[in-house]
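For reference, the chains in residue letters:
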Amino acid sequence: MDRRSFVKRLVGGSALSIYALNKLNAAVYKSIASLNQKYLQDYSPDGVYWEALSKYFIFQDNLLMMNNGTLGPIPETVFNTLMKYFKVQATNPYDFYNFFPSKRDEVRSKLAKFINASSDEVVINRNTTEGMNLVANGLDLNEGDEVLITSHEHPAGIHPWRLKEKRYGITVTEVPLSTPPKSVDEIVNAFKSAITSRTKVISVSHTVYITGLIFPVKELSKIAHENDILFVADSAHGIGMLNIDVKNLGIDILASSPYKWCGAPTGCGLLYVKKEVQDKIWPQIASSGWDTYKNAKRFETLGQQTDPLIFGLGEALDFQSIIGKRRIERRIKTLAGHLKKGLKSIPKVRLHTPTNPYLSSGLTAFSVEGVEPEYIVNYLREKYNIVIRTIGRDRDNTRGVRVSTHIYVSLKHVDMLLEEVDHLVRHKA
Ligand SMILES: Cc1ncc(COP(=O)(O)O)c(C=O)c1O
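Read on for an overview of the structure. (Residues numbered from 1 in each chain as written. Predicted model: local features only at pLDDT ≥ 70, side-chain atom pairs only at ≥ 80, totals over all residues. Heavy atoms only, no water.)

Let's shift gears to the site of the ligand. Of all residues adjacent to the ligand, which total 13 residues, the nearest are Thr129, Asp234, Ser257, Tyr259 and Lys260. Contact between the ligand and Asn127: an oxygen atom at 3.4 Å from a side-chain N or O atom of the residue. At 2.8 Å, a side-chain N or O of His237 approaches an oxygen atom of the ligand. Bound to the protein, the ligand loses 88% of the 400 Å² it would expose on its own. Split by residue class, the shell around the ligand holds four nonpolar, seven polar and two charged. (Near = heavy atom within 4 Å. Polar contact = N/O pair within 3.5 Å; in protein donor to acceptor, adjacent residues only side chain to side chain. Areas by Shrake-Rupley, 256 points an atom, 1.4 Å probe, with all protein chains shown as cover. Nonpolar A, V, L, I, M, F, W, Y, C, P; charged D, E, K, R; others polar.)

Take a look at the structure:
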């Protein structure tokens, strides 16, 4: 039996329900394709297109999930794929082991295409934290060499560099930024004046978790390269939220967590390492291949991985691709724009996120004078089963709440949230 027929028998023959799962997914894609045909021109923010699509996300008890920035839901098709491959793995681990790992490379190609990279530049790992640590630990830096980060980094973008600082005596400098920064120039100029002759790396959030700021990475990578500096982007929220094109953005290294915005299961991540910089980084886990692979796979000799999760990631990319990355980004920005406009009109609300759509996207953070962030979160959960989260810190006045507006959220949901914030301001602040 040839390989193709054998693999077909493996996923098809072991249980009827596997056929059923395949058929369910095919039906979903068929129906999205016909929605696309019907509403191709429909960019109206709250069109039926988006409402129809939202049905492919499954939520418990009508949960209105506006915190996928922490942990996102997965579409039905991804859930089916997980079930399918976990079932094969559990019932026939021997053949699963022999026949499926090559499928990882299919996912790698999809990931590469999704961010406009080459397959040779893509590592499939566990998450952003792992990617950022691999890069910080794997780079040869000497005592006194400097890494520029910002005052808005996530712990996963700070601690790998701080650890290196403690161990090897490098210098980690935080570029201070206001909340929110007023313009691209303000950010670029802050970096221009922070760069010194010892600066070897600029490592910034692509998507700032506290404020929702989108760093102008294209402009920053340009000044990094003009100064012979490596440019690293912590894009935990980027994939699935933004239409990422690593080449156009000039990024050298990008780490991302597709379980936030891309509909992938938790437990698999993406690390992009540009071909030209791969030799600058040592692998951190070595098994066969670390010294022979001539591509980013040398950073992925991790032993056994949870392949069903990785295949789930592949399915998530298919789901997003059929809708269209550009369309998704536009929808997310429309929802967030509506939210920000509404928040700006409510007295005592302070927006921590820029309103400029070039500097912001699906994460919106704000505080309400006189109302504790925890109170807002609990109130919305109790009243409407809306899930948002507290975020930020006192030291830079960013303590507040954060709302994620993904494609399954409607303008109606955003209005519900706005109405309740307004209510809180009038009765509680
Ligand atoms: C900007 C940013 N970087 C890194 C991380 C860490 O992500 P992970 O836990 O998937 O490694 C997060 C998580 O929320 C984040 O928001």
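A separate point is the packing of helix α6 (residues 103-114) against helix α12 (residues 307-323). Where α6 contacts α12, the two axes come as close as 9 Å, and the packing angle between them is 35°. Crossing handedness for the pair α6 and α12: left-handed. In this structure, α6 contributes Lys103, Arg104, Val107, Lys110, Leu111 and Phe114 to the contact, and α12 contributes Asp307, Ile310, Phe311, Leu313, Gly314, Leu317, Asp318, Gln320 and Ser321. Of the residues contributing to the contact of α6 with α12, the split by class is seven nonpolar, three polar and five charged. (Axes fitted to C-alpha atoms, helices over the stretch in contact; angles between N-to-C directions. Helix = DSSP H or I, 4+ residues; strand = E, 2+ residues; numbered from the N terminus. Left-handed = near helix turned anticlockwise from the far one by under 90°. Contact = heavy atoms within 4.5 Å.)

Before going further, it helps to spend a moment on a nonpolar patch on the surface. Taken together, Ile58, Phe79 and Met83 make up a surface patch of nonpolar side chains, about 270 Å² in accessible area. With respect to the element layout, Ile58 can be found in the loop between α3 (48-54) and β1 (64-65). (Patch = residues over 30% accessible without salt bridge, like charges linked within 9 Å, V, L, I, M, F, W, Y side chains within 5 Å. Salt bridge = Lys/Arg side-chain N within 4 Å of Asp/Glu carboxyl O.)

Moving on, we get to the packing of helix α4 (residues 76-91) against α12. Two numbers describe how α4 lies on α12: the axes approach to 8 Å, and their chain directions differ by 155°. As the angle between them shows, α4 and α12 are arranged roughly antiparallel. Considering how the two elements wind past one another, α4 and α12 form a crossing that is right-handed. Contacts between α4 and α12 involve Thr77, Val78, Thr81, Leu82, Tyr85, Phe86 and Gln89 from the first element and Pro308, Leu309, Phe311, Gly312, Glu315, Ala316 and Phe319 from the second. (Parallel < 35°, antiparallel > 145°, perpendicular 65-115°, else oblique.)

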